[in-house]
Each structure stands twice: as structure tokens, then as C-alpha cells.
Amino acid sequence: MPEFSFSSLDFKRGMAIARLVKPETGDFTFRFSERGLTVFSYDSRRYICSQIQPLSSDAPAGFMSDEFYLTIDRSALFDTDLAYTNIKVNDKSLSIRVHGDDQSRKANLKKKAANSKRPQVPAPSFDGKPCVVSRKDFERLLSQVSCSALIKETKTEEDMRINQVHFHPDAKCAVSNARYYGSIVFMDGMELDLSIVSSDIPAIKAFCNKADGSIINVHQDDKKIFFIDPESESIFAVGKVTSKKPRLSVPDADKFETEVAIDQALFAKNLEWAGIVIEGTQRLSLKITKEANEIELYHGNDKISAFPVEFIRGSNIEADFPVRFFLSIVKYLEGKIILRFHHSDVPTILEISEKTEKAQRVV
């Protein structure tokens, strides 16, 4: 029977990808082929096929093993500090040997009886060309659009229909909305036309973070969206939940009368201070004066903080905002951030963006 030799680091990374979906059955499915090992895990809406490529193998062409099942707790066998993991595939068991640094450890996992209700490891086929996105840029986009995606609040089927991140290829952006604010994130080359349930965002981000290659291929059909690492050929699939994509509406930046620039780290520190000082109502009063190039934060009539800003254009700003939302938004940005106010169409709206062409705009 064939034997496969893996780098233990590659095996750990492959298992980490498989663990992004907690298996509904309580165990992972292992299936070996001439290409290596596929680790399959699924729940009610998602599945993941993590491909672990071997350093060497004596598997014959066309080889395909039966499916073996490994419980979550026993998967810790592969969290080894030794360099190599060898697995010999027998008819009824897996013989495992981890070794390196003059050490060797062995285990034997017996084949578990197959459950007729358990789905087999999928082998999806895709029509048409994928949408190709930069792995790092896409992960960054997902991080920023999480700002108002209401991820933790998305639990029920009804929540999933409402709380989604919508992608608009014509504008090359993704949009999410909370009750009092929303996020618009732009990315060059973003041509996805789909909507993703908010609670799926953390796992998709993690898949991008753990992928081997520099790009991610995205396919979709009527029921699922597929994220594929072409380097390892690992696949993460998430189920769609029917939702009506809202019409995209982006405030015209040229219609803001007032614009100021602030250092993000400095602004975040002062907002954190305000969050500790303020009791009861979360209302924070913001005053930005052109003459002093200064921003002042007030709780009622008490000035609790003051620090410099760079006035770009326009007049003074005086407005009230919930400090908790303000701080949450600012933490998703980096470097210099821009505040825009006094929009000619919507005077009470405040836009916050990074000073970059690939800006997140939170309004």
C-alpha cells in the first residue's frame, strides 16, 4: 500500500485550513490520491477541502483511497514539533510516523465505519473563468468592510438575509451597512458581483491569510461561492442566502464643504480616552476650528481632549456622534485619515476615509 511523506509544517498548515470549518460530524474526512491528501470538513452551510501536497509518495497513477475519519481531538496527533510526517495507507487503517531530530513517534488509526448519511469529499467543477483577486488586497478589503458588517449579530437565517456584504464590480467596491453607519471599500481590479453573508467574513479572511499563493480565484454558482487557492488547490465554499442587493449610493466627495486630515493613531488614542471618560449617554461632541487647526472633544460642557489637525478646506465643524461607533470606525483605518462634513445634499453626514486612492469611506 502507498506511503506518503509530508513536511510537518505543511501538514499543520493544511489542518489549520481544514479547522476553519468545525466539522458537523465531529471528525475530519481524510482521502489520499496520487496528488496527496485531501482533508474535508463541512457544516450546514460551508465546507472546506484542504489539499496537503506530499514531499514524496509511491502512490501509483490514478490511486484513490477510501475515506478515513479523524475525530477533532485526535487531530492533535499532527500538531508535532518533529520535521516529517509519514502516513502509510492500508486497507483498514492509517499507519502514522512523525520523526526528526533523532526522534520518532508512531500511531495507528483504524478505519471508521462509513456513515451512509455522510457526504463524500466533493469534487466541484466550474464553468467559465474565475474572478482573480490579490490575496492580500482581498483580505484587507474584507477586514475593512467588517467595520459595519454586523458579524457578531448575524446568527439566524433572517439575520443572514439582512447582514451581507455586497460587491459592486462597476464601482470596484464592497459595501456593508450597520444601523447608523456604513462602509464602502474600493479595490483596484475588484470585479466580483456577489453578496457574502457577514458571519462568513472571518473564515474567508482566515482562508486568504493561510493560503499559499498570491492570488485567490473566486467562482460561484446558484447555491455557493467558492474561494480557491490555486497554489495548493484548497477550496473553501460558503452557501448563499438570498438577499436583494441594495442600490449603490456613494456621496460625491466634491460636495463636502469641509475637509480635515488627522493622524489615525492620535485620533484613536483620544477617542479611547473619551470612551473611558464619558458616562451614561455615549454622545461625544466634536469641535474642529480652522483658526487653531485643532480638534476638541467634549462631554456635555466639559472639554475632555484637544489635539492638532490639518485643515484642508472649508469652515469649522461642530457635531455630536456616538463615541463607541466613532472609535470602532477609526480603528479600521490606517495612517492619515480624512474627515469630510457639510455635504450640500446631506449636511449631517460625516465621511471618514484613509488618505489613499484605495480608501475605505465610512459614512
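Everything discussed here concerns the structure shown above.
Residues numbered from 1 in each chain as written. Predicted model: local features only at pLDDT ≥ 70, side-chain atom pairs only at ≥ 80, totals over all residues. Heavy atoms only, no water.

(A) Representation of the side chain of Asn217. Summarising the element assignment, Asn217 is placed in strand E15 (residues 215-220). For Asn217, a relative accessible area of 14% corresponds to the buried category. The residues contacting Asn217, other than those within four sequence positions of it, are Pro130, Cys131, Val132, Phe226, Phe227, Ile228 and Pro230. (Helix = DSSP H or I, 4+ residues; strand = E, 2+ residues; numbered from the N terminus. Buried < 20%, exposed > 50% of the residue type's maximum accessible area, 1.4 Å probe, protein only. Contact = heavy atoms within 4.5 Å.)

(B) Representation of the packing of aromatic side chains within the structure. This structure, assessed with the given rule, holds 18 aromatic pairs. When the ring of Phe40 is compared with that of Tyr47, the centres are 5.9 Å apart and the planes differ by 65 degrees; the resulting orientation is edge-to-face. Across the pair, Tyr47 and Phe40 agree in class, each one buried. Aromatic pair Phe126 and Phe226: ring centres 5.0 Å apart, planes at 70 degrees, arrangement edge-to-face. (Phe/Tyr/Trp six-rings, centres within 6.5 Å; stacked < 30°, edge-to-face > 60°.)

(C) Broad picture of the environment of Ala61. If you trace the backbone, Ala61 turns up in the loop between strand E5 (56-57) and strand E6 (68-71). On the basis of relative accessible area, Ala61 is assigned to the exposed category, the value being 73%. For Ala61 and Arg35, which are 26 residues apart along the polypeptide, the C-alpha to C-alpha distance reads 9.1 Å.

(D) Highlighting the pairing of strand E20 (residues 294-299). Relative to E20, strand E19 (residues 283-289) is paired through 5 bridges, and the arrangement is antiparallel. Directly across from Ser285, in E20, lies its bridge partner Tyr298. As consecutive antiparallel partners, E19 and E20 are separated by 4 residues, and within that stretch Asn293 has a phi angle of approximately 50 degrees, a positive value. Examined bridge by bridge, E20 and strand E21 (residues 302-308) share 6 bridges and lie antiparallel to one another. Its bridge partner lying in E21, Ile295 is registered against Phe307. (Pairing = 2+ DSSP bridges.)

(E) Molecular detail of the sheet that holds strand E1 (residues 3-7). Pairing within the open sheet is antiparallel, and its 5 strands lie in the order E5-E1-E7-E8-E9. Where the open sheet ends on each side, the last strands, each with one partner, are E5 and strand E9 (103-110). Bridge count between E1 and strand E7 (residues 84-89): 5 bridges; the pairing is antiparallel. Looking across to E7, one finds that Ser5 is bridged to Asn86.

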